[in-house]
Amino acid sequence: MGEYGAGKRNHPRMESDTMKQSLSANGDNIRNGMKLCGVLVLCLAGCAKTTDAPQAPVEEEKAKKPSAKVVLPGAEWGEAHWTQAPVEPDSVLDLTDHVPAPAGALGRVLIRNGHFEFENRPGEQAYFRGCNLSRNVPTNCTKEFAEVLATRLAAMGYNAVRFQHADQNLAVAGDDRITDEKKLDGMFYLIDQLKKHGIYFHMDVWSHRCLFEADTKIPLQEFFSTVCCRLGIDQAYRDNVKSFARDLFTRVNPYTGLALKDDPAMLPFNIINECPIGMRLPRVPAIQVEYEKIAEAKHPGFSSLPETERERLLGNLAADIQVELHQDLKAFLRSIGIRQPLSDMSMHTRVGMTMIRRHFDYVDDHDYHARYPFYVKVNPTQDLSSPLDKGLYFPLGITTARYIGKPFTYGESNIYYASPYRLQYATLMATFSGLQEWEEVLHYTLAHRVERLDGSSNTFGAERLNFGADPLMLFGDRILTLLRPAPAKYTIPYVVTEKYVRDTMTIRYGPVFPANYSRLGVFAKIGCFLADGDAPELANALFLIVPAKMEIPDYLKKYPLVTDDANWETLLRKAMELGKCPDSIGLQQDKRIISSTGEVTFDSRRYLQVVTPTAESLLPKANTAQMDGDVLHVSQNTRAANFFLGALDKRPLRESRRMLLLYLTDLKNTGAEYGKGNTLVNYGKPPVLVQKGTVQMTLNLPKKPTLWEVDYRGRRLAKVPLEKTDGGWRASIHSYRSPESFYAYEVTMEP
């Protein structure tokens with residue numbers, strides 16, 4: 001780190017085995033740092049069976065907790081004998097038919113009319129859903145397991161994956177070219193298998209690779225910030241990235257016969273992962289000093305200015321360097337034949353970033369709910385509330401980063417293991433990917449190591465961000481494929497001028513977007529825009545939101561304007577007025593919000609309800625005993641849950657002949673321990689435990705269906721008795737039935 005502060009670099013190449021040790025050490029730092037993270041957990045009354053357990057003297061943190069509580073099988077939790085075995089082909093859990101194969105058959109993915117479209121299917125938005133495959137998973141799969149993994153991903157209904165941090169496995173520090181041909185071959189073979197199963201792929205040019213030997217000596221907490229900030233001002237770093245990109249993207253895959261740059265199955269991608277220079281500079285003070293020297297040269301007397309003015313000028317400098325870095329790397333990638341749309345930064349939502357993101361082909365961003373820091377033992381501020389309690393700031397807050405007129409992707413998203421509201425994740429992401437017209441939703445991360453997926457180790461269970469061993473998340477992710485609400489009918493952009501952005505800039509790229517604006521995302525499409533004259537992208541906007549303190553230029557005065565200091569109810573009523581909404585849409589007297597399409601209803605006190613022709617999802621809070629969709633009706637509910645019904649044959653539910661029914665509740669590992677303040681002090685180990693629940697469920701279908709219990713692989717076990725009522729066909733539904741049977745049911749209807 002000291003070398004960087006002095007502007008020195010260490011460029012010599014290292015032997016392959018030496019670098020492997022260095023990367024392994026870095027990987028251990030990641031794992032150890034995550035293992036030391038304490039995470040608070042919310043134990044809702046009546047949700048978990050707990051029992052006093054003796055102190056565990058083997059761990060210092062546990063020893064500080066005088067009376068730990070342990071989640072064990074019992075009246076509230078049922079042991080699940082789940083494994084990662086592939087689902088039964090053609091079963092209710094097999095969504096392979098929803099993933100057209102092979103990937104790339106419709107030509108490249110390009111941008112038309114503000115959306116991703118397939119080259120040979122104009123006029124139809126291309127929608128991608130899937131997951132990240134992290135660290136060694138893309139490069140370390142055996143050929144046999146690559147085939148198994150591709151089959152499993154397609155069965156989930158995924159049609160896209162991102163190789164995240166895979167670059168660290170392909171080259172050693174100090175080398176700007178690929179040095180591990182075996183791992184590259186493994187990645188190429190996996191790509192071939194993914195394509196055959198209809199799954200598209202992409203990866204960042206830089207995500208985790210140590211560019212120089214000196215990078216291996218930097219504490220992991222500073223490593224990402226160091227590389228990102230160095231790329232802004234250090235030509236050697238840029239040259240390294242360019243050389244590596246040339247070697248990687250121009251290599252011909254021997255299994256597909258195509259170079260990556262020419263492969264139509266390679267999706268649009270980020271150049272540099274999570275690289276907002278201004279946000280990262282404060283984490284590397286020695287490099288920030290170098291940026292301050294540049295600011296001094298550009299603005300003589302900079303160092304003598306008041307702190308707020310120095311921050312403003314330094315933030316503007318970081319933003320300008322960010323744009324120049326993107327344009328430089330983009331021009332290079334175009335010069336070597338890469339035609340995919342390109343993005344950058346992929347982290348944070350700040351008003352000042354609008355000035356930067358206007359230069360990207362599309363916008364990608366990453367966000368999580370209930371996230372904890374990687375590098376601390378205990379985080380007493382852990383947020384374990386439901387996203388519904390926060391006005392759906394997850395996932396709507398991130399949508400403010402979308403630049404109006406450009407595609408938007410959600411490249412990393414998750415709700416942490418510690419949260420009892422992971423069960424809401426898939427419905428939230430599916431709902432707003434449709435309503436907001438996102439192009440891609442990627443769950444982070446299936447696994448960081450291939451051993452967590454291939455059966456060579458079964459000791460991990462559900463934990464942190466890895467959901468490959470979390471049946472709750474895996475069952476729920478089928479909702480990403482089966483639920484897709486219609487796009488909102490209106491657009492309400494947040495519009496700023498370049499003068500306002502530069503005047504309010506800080507080193508962290510200025511103020512955040514107001515939460516009262518993001519909540520409009522339940523009703524209308526939202527996003528940001530930098531206005532500098534007439535803008536065709538704003539012509540169809542219902543009205544524009546502008547900062548209350550911004551000077552309004554004449555060219556904006558022809559649009560309806562509302563300042564951002566209005567509360568969300570005022571903003572929504574304005575939208576209803578200008579949109580001439582019927583009484584059944586918008587803000588109701590009980591403060592429910594109904595989307596402009598009428599398909600999404602949000603009551604922050606009780607529930608989220610999504611009703612489309614082909615799928616319905618009901619997310620009640622624990623205090624909501626009854627919910628009524630169009631076809632799906634639930635009563636006698638006592639806990640937070642996710643009730644979902646989706647047509648597998650893409651027909652309207654009342655005409656469908658085969659449907660997936662889910663009743664999702666919380667899931668924990670056996671022996672998960674909680675200490676003082678409900679702090680999670682031990683993730684526990686397999687087998688996983690499913691939270692037990694029972695409700696009365698009615699299906700409003702035209703004739704009697706057959707309701708099947710299925711096991712975790714989708715195989716039918718037994719018929720569930722149905723009773724005819726005035727509202728349809730009623731049955732007692734259980735989230736847990738046996739160690740092999742939980743969460744899922746199958747509904748069939750005779751022709």
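Predicted model, so just to flag it, every value in this text is computed and none were measured.

## Details of helix 6 (residues 181-196)
The terminal C-alpha atoms of helix 6, which comprises 16 residues, lie 23 Å apart, in line with the 22 Å expected from a rise of 1.5 Å per residue. Two or three places before K182, at the start of helix 6, stands the capping residue D180, its side-chain oxygen 3.3 Å from that residue's backbone nitrogen. Looking one or two residues past helix 6, G198 carries a phi angle of roughly 85 degrees, positive in sign.

## Topic: the pairing of strand 36 (residues 706-710)
Direction of pairing for strand 36 relative to strand 42 (residues 744-748): antiparallel, over a ladder of 4 bridges. Counterpart to E709 in the pairing with strand 42 is Y745. Both strand 36 and strand 37 (residues 716-719) contribute to a ladder of 3 bridges, which runs antiparallel. By the bridge assignment for strand 37, V710 is matched with R716. Turn length for the strand 36-strand 37 hairpin, with the two strands adjacent in sequence and antiparallel, is 5 residues, and the turn residue G714 shows positive phi of about 95 degrees.

## A few points about the pairing of strand 39 (residues 728-734)
Here 6 bridges tie strand 35 (residues 694-699) to strand 39, and the two strands are oriented antiparallel to one another. Among the inter-strand pairings, L699 is bridged to a residue of strand 39, identified as W729. Summarising the sheet, strand 38 (residues 723-725) and strand 39 pair through 3 bridges and their orientation is antiparallel. Bridge assignment links E723 to a residue of strand 39, and that residue is R730. Connecting strand 38 to the antiparallel partner strand 39 that follows it, the hairpin turn spans 2 residues.

## Considering the packing of helix 10 (residues 285-298) against helix 11 (residues 307-335)
Packing of helix 10 against helix 11 leaves a shortest axis separation of 10 Å and a crossing angle of 100 degrees. On the basis of their axis angle, the class for helix 10 and helix 11 is roughly perpendicular. Counted together, Q288, Y291, E292, I294, A295 and K298 of helix 10 and L314, L317, D320 and I321 of helix 11 form the full contact between these two elements. Looking at the contact of helix 10 with helix 11 residue by residue, the classes come out as 6 nonpolar, 1 polar and 3 charged.

## Comments concerning unusual backbone geometry
At the junction of F394 and P395, the peptide bond is cis and its omega measures out at 10 degrees in the coordinates. Structurally, P395 can be placed in helix 13 (residues 393-396). In this model, P686 is joined to P687 through a cis peptide bond whose omega is 5 degrees. Phi is positive for N113, close to 55 degrees, though the residue is something other than glycine. By relative accessible area, which is 71% here, N113 ends up exposed.

## Observations concerning the nonpolar core
Core analysis: the largest hydrophobic core is formed by 217 residues, its most contacted members being L133, L149, L153, F163, L248, I277 and L333. For this core, the leading source of residues is helix 11, giving 11 residues. Core analysis: the next-biggest nonpolar cluster, separate from the first, contains 27 residues, L618, L653, W729 and M749 among them.

## Here we look at the pattern of salt bridges
As enumerated under the stated definition, the model contains 46 salt bridges in all. One network of salt bridges, in which partners are shared, links R238, K242, E324 and D328.

## Structural notes on helix 14 (residues 425-435)
Spacing of three or four residues puts side chains on the same side of an α-helix, whose turn is 3.6 residues. Among the 11 residues in helix 14, 11 count as buried, and that is most of the element. Those residues of helix 14 not exposed but buried are Y425, A426, T427, L428, M429, A430, T431, F432, S433, G434 and L435. The first or second residue beyond helix 14 is E437, which carries a positive phi of 60 degrees.

## Notes on the packing of aromatic side chains
Taken as a whole and assessed by the stated rule, the structure comprises 25 aromatic pairs. Each ring, one from Y368 and one from Y416, has its centre 6.0 Å from the other, and the planes form 75 degrees; the classification is edge-to-face. Of the two residues, Y368 is situated in strand 14 (residues 363-369) and Y416 in the loop between strand 16 (408-415) and helix 14; the sequence distance between them amounts to 48 residues. Judged by relative accessible area, Y368 falls into the buried class, the value being 10%. Chaining the aromatic ring pairs together yields one cluster made of F118, F128 and Y200. The positively charged end of K668 is found above the aromatic ring belonging to Y417, 5.3 Å away from the centroid. For K724, the ring lying beneath its charged end belongs to W729, and the centroid distance is 5.4 Å.

Rules used throughout
Residues numbered from 1 in each chain as written. Predicted model: local features only at pLDDT ≥ 70, side-chain atom pairs only at ≥ 80, totals over all residues. Heavy atoms only, no water. Helix = DSSP H or I, 4+ residues; strand = E, 2+ residues; numbered from the N terminus. Expected span 1.5 Å × (residues − 1). Polar contact = N/O pair within 3.5 Å; in protein donor to acceptor, adjacent residues only side chain to side chain. Pairing = 2+ DSSP bridges. Axes fitted to C-alpha atoms, helices over the stretch in contact; angles between N-to-C directions. Parallel < 35°, antiparallel > 145°, perpendicular 65-115°, else oblique. Contact = heavy atoms within 4.5 Å. Nonpolar A, V, L, I, M, F, W, Y, C, P; charged D, E, K, R; others polar. Buried < 20%, exposed > 50% of the residue type's maximum accessible area, 1.4 Å probe, protein only. Core = buried A, V, L, I, M, F, W, Y, C linked by side-chain atoms within 4.5 Å. Salt bridge = Lys/Arg side-chain N within 4 Å of Asp/Glu carboxyl O. Phe/Tyr/Trp six-rings, centres within 6.5 Å; stacked < 30°, edge-to-face > 60°. Lys NZ or Arg CZ within 6 Å of the ring centre and 35° of its normal.

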